[in-house]
Amino acid sequence: MMPDRQLRLLVVDNFQIRRYGKGREGQGYRFACGAVRNDWRVMTFSERDITRFLAPLGFLRNVGAAMMNRRLLRTCVNFRPDLVLIGHCDYVTNATLAKIRAALPGTKLVHVNVDPVWQAHTVDQIRARMESCDAIFVTTAGEKLREWTTGRNAVGFLPNMCDPVMEHEDVSRRDDCRYDLFFAGHDGPGDERVALLRDLAPRLEGKVRFGLFGTCGRPPIAGADYEDALLASRMALSLNRIEGWKWYSSDRLAHLMGRGILAFVSAKSGYDHFFRPDEEAVFFTDAADLAAKVVKYAGDPAAARRVAAAGRARYHALFNAARVLRYIAETVFAAPYSEPYEWAGEVYR
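The structure displayed is predicted, hence computed values, not measured ones. (Residues numbered from 1 in each chain as written. Predicted model: local features only at pLDDT ≥ 70, side-chain atom pairs only at ≥ 80, totals over all residues. Heavy atoms only, no water.)

A.B. asks: Which parts of the structure should I look at to understand the packing of helix α2 (residues 47–54) against helix α3 (residues 61–79)?
C.D. replies: Between two packed helices, what matters for the description is the angle formed by their axes and the separation of those axes. Orientation of α2 relative to α3, taken along the N-to-C sense of each, is 120°, at an axis distance of 7 Å. Of the possible angle classes, the one that applies to α2 and α3 is oblique. When the axes of α2 and α3 are compared, the crossing they make is right-handed. Two secondary-structure elements touch here, α2 through Glu47, Ile50, Thr51, Arg52 and Leu54 and α3 through Arg61, Gly64, Ala65, Met67, Met68 and Arg71. Split by residue class, the contact of α2 with α3 holds 5 nonpolar, 2 polar and 4 charged. (Axes fitted to C-alpha atoms, helices over the stretch in contact; angles between N-to-C directions. Helix = DSSP H or I, 4+ residues; strand = E, 2+ residues; numbered from the N terminus. Parallel < 35°, antiparallel > 145°, perpendicular 65-115°, else oblique. Left-handed = near helix turned anticlockwise from the far one by under 90°. Contact = heavy atoms within 4.5 Å. Nonpolar A, V, L, I, M, F, W, Y, C, P; charged D, E, K, R; others polar.)

This is how it looks when you write it as structure tokens:
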């Protein structure tokens with residue numbers, strides 16, 4: 001049953017404090033923003049940073065991790081959260097979660113994983129939390145999720161969230177953009193994007209100003225440099241290392257559509273379930289189809305802005321962090337849904 005008072009949320013994640021402003025935009029901050037918008041009481045706990053800060057001499061991680069786990073338990077006992085969201089926290093042990101449950105039997109523990117479920121490490125993380133958490137949410141939908149149900153938990157789809165503070169700017173209102181098309185990524189083993197980009201680039205040469213970063217031999221960007229490049233881009237590619245998993249997307253989709261940048265999305269993603277093709281996002285089938293559509297919209301900035309603006313409005317309406325958090329809480333506490341979440345059919349028990 002949902003608490004009949006202000007809900008108390010603890011977000012345990014990697015807040016990248018040690019990167020001193022040069023980190024990536026993470027889910028943890030969006031959860032915190034969404035909690036505030038819901039008028040919830042929220043506290044954050046940066047697992048990886050605290051482990052490093054507590055590690056003697058800065059590198060004895062095992063000692064730091066043991067100390068961090070004790071601090072996490074103390075934080076829970078002191079703060080008494082109703083809901084604990086646990087992100088990519090490899091140092092947090094299930095033994096600590098068991099101690100939290102024993103100390104606070106009414107508290108719900110939830111594992112949130114935004115990494116691709118075709119990666120062995122992601123699957124290992126999820127399996128490690130199956131028995132210890134009341135729910136698991138991942139950024140992929142489909143029957144795969146049934147594998148992680150235990151009869152005592154819920155396993156569901158999690159949209160990549162946006163927030164009006166994090167995705168504040170609206171590029172669709174701008175006329176001056178340095179890039180017609182933007183993409184930033186990091187190459188990895190089995191990365192389908194590299195072949196696509198190498199096929200795409202010559203098709204766009206001399207036709208489109210292409211801002212390409214972190215792949216195909218280009219240097220990466222992060223932090224404020226990444227945000228500045230986004231805001232200088234009329235259109236962008238939302239590409240995943242492997243396409244075709246139902247509703248899977250990296251969080252770049254939120255970065256793009258949430259900022260009013262026209263997003264090109266693989267037709268294999270299934271995201272036409274949420275966004276109207278050529279009205280809120282542009283879907284493509286292969287490099288030739290993508291190139292033709294990029295050139296078309298680069299030559300018609302008014303149409304690009306119109307589609308991007310509609311996509312931004314739709315993304316913020318569907319996937320804002322406050323709404324996604326309410327869905328998580330209502331699912332975990334087995335409460336009736338307060339509104340018809342468009343993805344709620346992807347919850348397995």
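There is more to say, and it comes next.
A.B. asks: Hey, could you run me through helix α7 (residues 223–231) in this one?
C.D. replies: Owing to its 3.6 residues per turn, the α-helix aligns residues three or four sequence positions apart on the same side. Along α7, the residues classified as buried are Gly223, Tyr226, Ala229, Leu230 and Leu231. Of the surrounding secondary structure, the elements contacted by the buried residues of α7 are β7 (179–184), β8 (210–213), β9 (233–238) and α8 (252–257). (Buried < 20%, exposed > 50% of the residue type's maximum accessible area, 1.4 Å probe, protein only.)

A.B. asks: Looking at this structure, how should I read the layout of surface pockets?
C.D. replies: Here the idea is plain: a probe the size of a water molecule rolls over the atoms and shows the empty space left. What the second largest pocket holds in volume is close to 170 Å³. Its residues placed into classes, the lining of the second largest pocket shows 3 nonpolar, 3 polar and 5 charged. (1 Å grid on protein atoms, 1.4 Å probe; cavity = no way out; pocket = protein on both sides within 12 Å on 5 of 7 lines; lining within 4 Å. Points joined across faces, edges and corners; volume = space filled by probe spheres on them.)

A.B. asks: Sorry, what's going on with unusual backbone geometry here?
C.D. replies: Generally, phi is negative for residues other than glycine and the peptide bonds are trans, each holding for most cases. Positive phi values are uncommon outside glycine, yet Asp39 reaches one of about 65°. Along the chain, Asp39 turns up in the loop between α1 (27–37) and β2 (41–46). Residue Asp39 is classed as exposed on the basis of its relative accessible area, which comes to 59%. One non-glycine residue, Asp278, adopts positive backbone phi at about 65°. On the accessibility criterion, Asp278 (40% relative accessible area) is partly exposed.

A.B. asks: Sorry, what's going on with the nonpolar core here?
C.D. replies: Most often, soluble globular proteins have nonpolar side chains that are buried together. In terms of nonpolar packing, the biggest core is built from 45 residues, with Leu9, Leu85, Tyr271, Phe274, Phe275, Ile328 and Trp343 touching the most fellow members. Tallying contributions element by element places helix α11 (residues 321–332) first for this core, with 7 residues. Those residues within four positions of Trp343 in sequence are excluded, and the remaining contacts are Phe157, Pro159, Trp247, Phe274, Leu318, Phe319, Arg323, Val324 and Tyr327. Among the nonpolar cores identified, the runner-up in size contains 25 residues, and Phe183, Leu262, Ala287 and Val294 belong to it. (Core = buried A, V, L, I, M, F, W, Y, C linked by side-chain atoms within 4.5 Å.)

A.B. asks: Explanation requested: the sheet that holds strand β11 (residues 282–284) in the structure shown.
C.D. replies: By way of backbone hydrogen bonds, the strands of a sheet pair with one another, either parallel or antiparallel. Across the sheet, 5 strands lie side by side as β8-β7-β9-β10-β11; this open sheet has parallel pairing. The sheet terminates laterally at β8 and β11, the two strands that pair on one side only. In this sheet, neighbouring strand axes are inclined to one another by 25° on average, regardless of whether the strands run parallel or antiparallel. Here β7 runs beside β9; their pairing, made up of 3 bridges, is parallel. Bridging across to β9, Leu181 finds its partner in Met235. In this fold helix α9 (residues 287–298) packs onto β7, β9, β10 (262–266) and β11, with an angle of close to 155° to the strand it touches most, β11. (Pairing = 2+ DSSP bridges.)

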